[in-house]
Protein chains: 2
Amino acid sequence: MISQLIVMKPVGYVRTQALGDEVKDRNRTSEIIVQPEMAAALNGICEFSHLYVIFWLHEISEEERLTKKVHPRGRSDLPLVGVFAVRTNQRPNPIGLTVVELLKVEGNVLMVRGLDAFDGTPVLDIKPYDPWDIVKEPKVPHWWRKLEEEKNQKKQTEP
Amino acid sequence: MISQLIVMKPVGYVRTQALGDEVKDRNRTSEIIVQPEMAAALNGICEFSHLYVIFWLHEISEEERLTKKVHPRGRSDLPLVGVFAVRTNQRPNPIGLTVVELLKVEGNVLMVRGLDAFDGTPVLDIKPYDPWDIVKEPKVPHWWRKLEEEKNQKKQTEP
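The structure presented is a predicted model; accordingly, all values stated were derived computationally and were not measured.

K.L.:
Any chance you could break down the overall build of chain A for me, citing the residues and the numbers?
P.N.:
Regarding its fold elements, chain A presents one helix and nine strands. Scanning chain A from its N terminus toward the C terminus, one meets helices and strands in the order β-β-β-β-β-β-β-β-β-α. Expressed as lengths along the three principal axes of its C-alpha atoms, the size of chain A is roughly 50 × 50 × 35 Å. The burial tally for chain A puts 38% of its 159 residues in the buried class. Summarising the internal contacts of chain A: among those between residues at least 6 apart in sequence, 68% fall at separations of at least 24.

K.L.:
Any chance you could break down the sheet that holds strand β9 (residues 122-128) of chain B for me, citing the residues and the numbers?
P.N.:
Residue and element names in this part refer to chain B. Strand order in the closed barrel formed by six strands is β2-β3-β8-β7-β4-β9, and the pairing between neighbours is antiparallel. On average, each strand axis in the sheet is tilted by 45° relative to the strand beside it, whichever way the strands run. Two elements, strand β7 (residues 95-106) and strand β8 (residues 109-113), share five bridges in a ladder whose sense is antiparallel. Across the sheet, residue L102 finds its bridge partner in β8, namely V112.

K.L.:
Hey, could you go over the interface of chain A and chain B for me, with residue numbers and the actual values?
P.N.:
Taken together, the contact between chain A and chain B spans 61 residues of the former and 61 residues of the latter. Among the secondary structure elements, those contributing two or more residues to the side of chain A that touches chain B are β1 (6-8), β4 (50-56), β6 (81-82), β7 (95-106) and β9 (122-128) of chain A. Ranked by the residues each element gives to the side of chain A that touches chain B, the list is headed by β9(A), at six residues. When its residues are assigned to classes, the side of chain A that touches chain B shows 40 nonpolar, 10 polar and 11 charged. Of the strand pairs in this sheet, β1(A) and strand β1 (residues 6-8) of chain B are connected by three bridges, and their pairing is antiparallel. Its bridge partner being in β1(B), M8(A) is matched across the sheet by I6(B).

K.L.:
Account for the relation of the copies chain A and chain B, naming residues and giving values.
P.N.:
Rotating chain A by 180° and moving it 0.0 Å along the rotation axis overlays it on chain B with an RMSD of 0.0 Å. Here the symmetry operator amounts to a two-fold rotation axis. Identified as the residue of chain A closest to the rotation axis by C-alpha distance is V7(A), at 2.4 Å. Most of the interface of chain A is mirrored in chain B, where 100% of its interface residues again form contacts.

K.L.:
Lay out unusual backbone geometry in plain terms, naming residues and giving numbers.
P.N.:
You will see that R73(A), though not glycine, has its phi angle at about 55°, which is positive. By the element assignment, R73(A) lies in the loop between β5 (69-70) and β6.

K.L.:
Explain the nonpolar core to me, and be specific about the residues and the numbers.
P.N.:
L51(A), V53(A), V123(A), V53(B) and V123(B) are the most contacted members of the largest nonpolar core, which has 65 residues in total. Of the residues forming this core, the biggest block, six residues, is contributed by β4(A). Apart from the residues within four sequence positions on either side, V123(A) is in contact with P10(A), V11(A), G12(A), Y13(A), V14(A), I32(A), V53(A) and F55(A).

K.L.:
Talk me through the pairing of β7(B); I want residue IDs and the actual numbers.
P.N.:
Residue and element names in this part refer to chain B. The pairing of strand β4 (residues 50-56) with β7 spans seven bridges and is classified as antiparallel. Each residue of the ladder has a partner; that of Y52, found in β7, is V99. What sits between β7 and β8 in their antiparallel hairpin is a turn of two residues, with G107 showing a positive phi close to 60°.

K.L.:
So what about the environment of P36(B)? Which residues, and what values?
P.N.:
With respect to the secondary-structure elements, P36(B) resides in the loop between β3 (29-34) and β4. Residues P36(B) and R15(B) lie 21 residues apart in sequence; the distance between their C-alpha atoms is 15 Å.

K.L.:
Kindly report on the sheet that holds β9(A), identifying the contributing residues and their values.
P.N.:
If you trace the six strands once around the closed barrel, you get β2-β3-β8-β7-β4-β9 (chain A), paired in antiparallel fashion. Geometrically, the sheet is characterised by an average inter-axis angle of 45° between neighbouring strands, direction not taken into account.

K.L.:
Go over the pairing of strand β2 (residues 12-15) of chain B with me, naming the residues and quoting the values.
P.N.:
All names here are of chain B. As judged from the four bridges shared by β2 and β3, these two strands associate in the antiparallel manner. Note on β3: the bridge partner recorded for V14 is I32. Taken together, the two bridges between β2 and β9 define a ladder with antiparallel strand orientation. Within β9, the position partnered with Y13 by the bridge is P122.

K.L.:
Describe in detail the environment of V53(A), supporting the description with residues and values.
P.N.:
All names here are of chain A. When you line up the elements, V53 lands in strand β4. Take V53: there are 26 C-beta atoms within 10 Å of it, and that puts it in the buried class. C-alpha of V53 to C-alpha of Q35: the two residues are 18 residues apart in sequence and 15 Å apart in space. Excluding anything up to four places from it in sequence, V53 contacts I32, T98, V100, L115, V123 and I126.

K.L.:
Account for the environment of A40(B), with residues named and values stated.
P.N.:
By the element assignment, A40(B) lies in the loop between β3 and β4. A40(B) gets classed as partly exposed once you count the C-beta atoms within 10 Å, which come to 15. On a C-alpha basis, the gap between A40(B) and H58(B) in space is 26 Å, while along the polypeptide they are 18 residues apart. Apart from residues lying up to four places away in sequence, A40(B) is in contact with K68(A), K69(A) and G82(A).

Quick notes on the rules
Residues numbered from 1 in each chain as written. Chains lettered and ligands numbered in written order. Predicted model: local features only at pLDDT ≥ 70, side-chain atom pairs only at ≥ 80, totals over all residues. Helix = DSSP H or I, 4+ residues; strand = E, 2+ residues; numbered from the N terminus. Buried ≥ 20, exposed ≤ 12 C-beta atoms within 10 Å, placed from the backbone. Contact = placed C-beta atoms within 7 Å. Pairing = 2+ DSSP bridges. Axes fitted to C-alpha atoms, helices over the stretch in contact; angles between N-to-C directions. Nonpolar A, V, L, I, M, F, W, Y, C, P; charged D, E, K, R; others polar. Least-squares fit on C-alpha atoms with pLDDT ≥ 70 in both. Core = buried A, V, L, I, M, F, W, Y, C linked by C-beta atoms within 7 Å.

Here it is as structure tokens:
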């Protein structure tokens, strides 16, 4: 069973004008173009404020998929951790998972905020976010909090 | 691009003694057996209290993958909604996504609480849950709140 191959087809793809690091900007909006024949599968989705977008990191090479450990954000001052312990895109199955805010639905197009995926990224699934997905006080490692603090400090010192 | 095939191999599988509806019991513990050669990818994961488990609903048929709309929980008194607007397992790409509590790591085995997957389910990816995954007040439809209220009432009337 463990050696079986699992085959999927994209249900849509991402459309964005963001380039490079711009995709990490959580205030950015982008679109998900769902395959027209699947538009009916979006029925009622507008009643949710937030969604999970599951996408395929199609630019990750076969070699990168063999990576077992990385330094978070490639920073050698942070501990070397397993790829399952960090949200790196170097993973055996390079699946992306992001919580986005749903802004608008028009036919087979979703407009969302906060999707950190490049233009043309294949989308594998879309799921509604609900209160069961909230963990009140998740425990995270020291390196995670350190990165977060740095980000906040940078924000404060920006003009 | 939209017609490309995406191929994955499981990174592990679920081991549980829960049968049928027992897997929905959020207090149940189960194990994730990661492929032994990927054990290093778990390094440092124990510093997170919660994880996302992304798994493959391998018992969903090709026909079920064509479903566009369902009644939540199969209940005809609830509105017919698109499969992307509900966490049904009948989806074009039958991917499961669950937030679990990480209880213990032993070599290539994770013991977790709250994984609603059957014994033998292939696991596609494991990701740490962090505070960015928290949505403070997600908006959900009326049918979702109705199901939740019924569940709570049932709990209160059980001996």
